[in-house]
Amino acid sequence: MDSISDTEIRFRCLACGAVNAMEPSALACRGCGLRLVDAHGVFHLLDASSKAEERAFYDSAYAGSSAEPAKAPITSLRELWDRADAPQNQLLYRVTGDLSGKKVLLIGNGASRKELSFLEQRPLRLVYSDLSPNAGQAIQKQLDFLPYQAVIRFAAIDAENLPFEDASFDVVYGHAMVHHLPDVERFLRGVKRVLVPGGRAVFMDDAFSPVWHYSKQTWLKPLMKYSHRKTGISPEDYRFSMSGGFKESELAAMMTGLGLQPFFQRACLLDYLWTRAAVKLLPRRLYTPLTSGLPMRALVRLDQALGRLSWYRGNQIRLVWGFTKA
Ligand SMILES: [Zn+2]
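Quantities reported herein were computed from a predicted structural model and do not represent experimental measurements.

A closer look at the sheet that holds strand β9 (residues 169-175)
The strands that make up a sheet are held in pairs by hydrogen bonds between backbone atoms, and each pair lies either parallel or antiparallel. The mixed open sheet is built from eight strands, whose spatial order is β3-β8-β6-β5-β9-β10-β12-β11. A strand with exactly one partner marks an edge of an open sheet, and here the two such strands are β3 (42-44) and β11 (260-267). Geometrically, the sheet is characterised by an average inter-axis angle of 20° between neighbouring strands, direction not taken into account. Pairing of strand β5 (residues 103-106) with strand β6 (residues 125-130), which is carried by four bridges, proceeds in the parallel orientation. Residue pairing in the sheet places Lys103 in a bridge with Arg125 of β6. Packing of helix α2 (residues 88-96) onto the sheet brings it into contact with β9, β10 (195-206), β11 and β12 (318-325), and relative to β10 it is tilted by some 175°.

The structure is reproduced here in structure tokens:
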């Protein structure tokens, strides 16, 4: 049997426990012969019973995507980080840092495309993963991965049951996904395990914002119900929205309890409320004019200036957080 090169990502077969590599040529398990990769090159690394209900929701959400006439180049994605209506992305990009030469795991990446622009930084490996294998198939219909065949890997995994070997990654990244998990501590323990010493985890979720939380419970309540009916919301997002978001104190206690060194940065209140109102209340054709251009950028700058005040920062909604593994 061939030995596995150090540059490859290793995982354990869920059926027999044999160690396998995420190589494009690895179609079946080295131990038991189980088929691991589907026709789209997506590694199926979760057992059939895990999170069946949630998977069904996302499997069908991604199944309908059709091939686009021409696949977009990866180089077209860089600008998604600079959208005026999502200023938290710039913060997230900065905090994620330089990925060149690194092994990077994107968890629960779903339909989010901007993270694929990390490929331009020339990481050693970039693993795009989601609970649903259909997500990895859908994104391959939209984007041209041909120049990055040696670097990119696709996988369907359960974030709370990471199949990878210890110390497999330098960076683990999750955009708006941790709040979907029933057991955050279990997840963080797994992320710690798959990171190398000195490795970093970077996440973005919504923070608990007293102003926003009590507004939703009181004067905005009818509007919230209306908007959830109108635009729909996943069951996990509904639960999280009603609980009011992550609190730094609780996450910090969890992470330091695991021997990790946490970090937190917040962004977006006034600009968040503005874009939410625009998307929920106004006709679709008005959204872009109202959330791009100079007035929007001025609002973002105002938000950033107010963010120096601790009472305001404590109400900002976007939370970029994570930890370093000592
Ligand atoms: Zn096996």
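Let's talk about the packing of aromatic side chains
This structure, assessed with the given rule, holds 13 aromatic pairs. Centroid distance Phe11 to Phe43: 5.8 Å. Interplanar angle 75°. Geometry classified as edge-to-face. Pair noted here: Phe11 is in strand β1 (residues 10-12) and Phe43 is in strand β3, with a separation of 32 residues, a long-range link. Relative accessible area serves as the criterion here: at 0%, Phe11 is assigned to the buried category. Through pairs of rings, three or more aromatic residues link up here, namely Trp81, Tyr93, Phe118 and Tyr173. One Lys or Arg, Arg78, reaches over the ring of Tyr93 and ends 4.2 Å from the middle of that ring. Above the face of the Trp81 ring, Lys114 is positioned so that its terminal group lies 5.4 Å from the ring centre.

Examining the coordination of the zinc ion
For the zinc ion, the protein coordination sphere consists of Cys13 (SG), Cys16 (SG), Cys29 (SG) and Cys32 (SG), at 2.2 to 2.3 Å. Geometry at the zinc ion is tetrahedral, judged from its four donor atoms and the angles of 101 to 113° they form at the metal. Within one chain, the residues donating to the zinc ion are spaced in sequence as C-x2-C-x12-C-x2-C. On the basis of relative accessibility, which here comes to 5%, the residue Cys29 falls in the buried class. On the accessibility criterion, Cys32 (40% relative accessible area) is partly exposed.

Here we look at the packing of helix α9 (residues 270-281) against helix α10 (residues 284-291)
Where α9 meets α10, the closest approach of the two axes is 8 Å, and the angle between their N-to-C directions is 160°. Taken together, α9 and α10 sit at an angle that is classed as roughly antiparallel. Of the two possible hands of crossing, α9 and α10 adopt the one that is right-handed. When α9 is examined against α10, the residues Trp274, Thr275, Ala278 and Val279 are found in contact with a partner set consisting of Tyr287, Leu290 and Thr291. Residue composition of the contact of α9 with α10, by class: five nonpolar, two polar and no charged.

Considering the side chain of Lys103
Looking at where Lys103 falls in the secondary structure, it is placed in strand β5. Buried charge without a partner: Lys103 forms no salt bridge, and the closest opposite charge is Asp170, 6.7 Å away. A polar contact is formed between the side chain of Lys103 and the backbone oxygen of Asp6, at a distance of 2.7 Å. Among residues more than four places away in sequence, those in contact with Lys103 are Asp6, Thr7, Glu8, Ile9, Leu124, Arg125, Ser168, Phe169, Asp170 and Val171.

Observations regarding unusual backbone geometry
For Ala167, which is not glycine, the phi torsion reads 55° and is therefore positive. Position of Ala167 relative to the elements: it lies in the loop between β8 (152-156) and β9. Within the chain, Cys268 stands out as a residue other than glycine whose phi angle is a positive 75°. Mapped onto the elements of the fold, Cys268 is located in the loop between β11 and α9. Overall, the relative accessible area of 2% leaves Cys268 in the buried class.

Conventions and cut-offs
- Residues numbered from 1 in each chain as written.
- Predicted model: local features only at pLDDT ≥ 70, side-chain atom pairs only at ≥ 80, totals over all residues.
- Heavy atoms only, no water.
- Pairing = 2+ DSSP bridges.
- Helix = DSSP H or I, 4+ residues; strand = E, 2+ residues; numbered from the N terminus.
- Axes fitted to C-alpha atoms, helices over the stretch in contact; angles between N-to-C directions.
- Contact = heavy atoms within 4.5 Å.
- Phe/Tyr/Trp six-rings, centres within 6.5 Å; stacked < 30°, edge-to-face > 60°.
- Buried < 20%, exposed > 50% of the residue type's maximum accessible area, 1.4 Å probe, protein only.
- Lys NZ or Arg CZ within 6 Å of the ring centre and 35° of its normal.
- Donors = N, O, S within 2.8 Å, 3.2 Å for Na, K, Ca; no water.
- Tetrahedral: all angles 85-135°; square planar, octahedral: opposite > 155°, others 65-115°.
- Parallel < 35°, antiparallel > 145°, perpendicular 65-115°, else oblique.
- Left-handed = near helix turned anticlockwise from the far one by under 90°.
- Nonpolar A, V, L, I, M, F, W, Y, C, P; charged D, E, K, R; others polar.
- Lys, Arg positive; Asp, Glu negative; His and termini not counted.
- Salt bridge = Lys/Arg side-chain N within 4 Å of Asp/Glu carboxyl O.
- Polar contact = N/O pair within 3.5 Å; in protein donor to acceptor, adjacent residues only side chain to side chain.

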